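Each chain, written out:
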Amino acid sequence: MRIISGKYKGRRLSPPKNLPVRPTTDMSKEALFNILNNHFNFTELKVLDLFAGTGNISFEFASRGSEPIISVDADYGCISFIKKTTDEFEFNITAIKSDVFKFLEKTKGDFDIIFADPPYGMEQKDFEKIVELVFTNELLVEDGMMIVEHSKHTKLEHMTTFSFQKNYGGSTFSFFEWESDETAGNNSSEEEE
């Protein structure tokens, strides 16, 4: 696992092998950040990373100057690794051990970007619930963006806030925005290798 851009570009991170995670691949991560680069200036973006796992996505945002960042995961080992790495790199990341659904029901916030990478085997209705909680509780700023990483078997394009999606191998990134009226006619699904 490595940081692909920003202040710590090229730095390798070695999370413990026993963590219950499936980190986003470097290829997918690079593709994701290329898309986000067209929409955002990363400096001082307020980011919420759900099902943060090793903190892979959080560290990438932090290396590019985003802050503050909140990383949420239910696993103690994952949170410990994120805290240790945050201290080492002096990132502005707050790691919170919590069930993501309970966190979303209770939290208040106005995030520029919310990224969620739930277990691929999670039920369809639970993927939908994550998106619904974010928009119902107004956790995203008006011109913000939510990204959900999922397998190609999970279908989210029917949701009202869905904007577009990109496919990379076995992974799909679905993007959600408040301003769905403008993009309603442009919903697209693209396969990239």
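Computed from a predicted model, the values in this text were never measured in an experiment.

What counts, and at which threshold
- Residues numbered from 1 in each chain as written.
- Predicted model: local features only at pLDDT ≥ 70, side-chain atom pairs only at ≥ 80, totals over all residues.
- Heavy atoms only, no water.
- Phe/Tyr/Trp six-rings, centres within 6.5 Å; stacked < 30°, edge-to-face > 60°.
- Helix = DSSP H or I, 4+ residues; strand = E, 2+ residues; numbered from the N terminus.
- Buried < 20%, exposed > 50% of the residue type's maximum accessible area, 1.4 Å probe, protein only.
- Lys NZ or Arg CZ within 6 Å of the ring centre and 35° of its normal.
- Core = buried A, V, L, I, M, F, W, Y, C linked by side-chain atoms within 4.5 Å.
- Contact = heavy atoms within 4.5 Å.
- pLDDT = per-residue confidence, 0-100.

A.B. asks: So, the packing of aromatic side chains: which residues are in play, and what are the values?
C.D. replies: Overall, the coordinates contain 14 aromatic pairs when judged by the stated rule. Relative to phenylalanine 91, the ring of phenylalanine 59 has its centre 6.0 Å away and its plane inclined at 25°; by these criteria the two rings are stacked. Taken as a pair, phenylalanine 59 in helix H2 (residues 56–63) and phenylalanine 91 in the loop between helix H3 (76–89) and strand S3 (93–97) lie far apart in primary sequence, 32 residues in all. Accessibility classification places phenylalanine 59 together with phenylalanine 91 in one group, the buried group. Members of the aromatic cluster, joined through ring pairs, are Tyr8, Phe59, Phe81, Phe89 and Phe91. For lysine 46, the ring lying beneath its charged end belongs to phenylalanine 111, and the centroid distance is 5.3 Å. The side chain of arginine 64 reaches across the aromatic face of phenylalanine 42, ending 5.3 Å from its centre.

A.B. asks: So what's going on with the nonpolar core? Residues and values would help.
C.D. replies: In terms of nonpolar packing, the biggest core is built from 33 residues, with Leu32, Leu36, Phe61, Ile147 and Phe175 touching the most fellow members. Secondary-structure elements contributing two or more residues to this core are helix H1 (26–37), H2, H3, S3, strand S4 (111–116), strand S5 (140–151), strand S6 (162–168) and strand S7 (171–176). The leading source of residues in this core is H1, at five residues. Look past the residues within four positions of phenylalanine 175 in its chain and what remains in contact with it is Leu32, Ile35, Leu36, Met145, Met146, Ile147, Thr161, Phe162, Ser163, Phe164, Gln165 and Lys166.

A.B. asks: How would you explain the environment of lysine 108 if you had to name every residue and give the values?
C.D. replies: Tracing the backbone through its elements, the reader meets lysine 108 in the loop between helix H4 (100–106) and S4. Residue lysine 108 is classed as exposed on the basis of its relative accessible area of 74%. Residues lysine 108 and methionine 145, spaced 37 residues apart in sequence, show a C-alpha to C-alpha distance of 16 Å.

A.B. asks: Tell me about the confidence of the model for the protein chain, residues and numbers included.
C.D. replies: The predicted model of the protein chain has a mean per-residue pLDDT of 89, with 92% of residues at 70 or higher. Low pLDDT, under 50, characterises residues 180–193; the predicted model gives this stretch 21 contacts beyond four residues in sequence or across chains.

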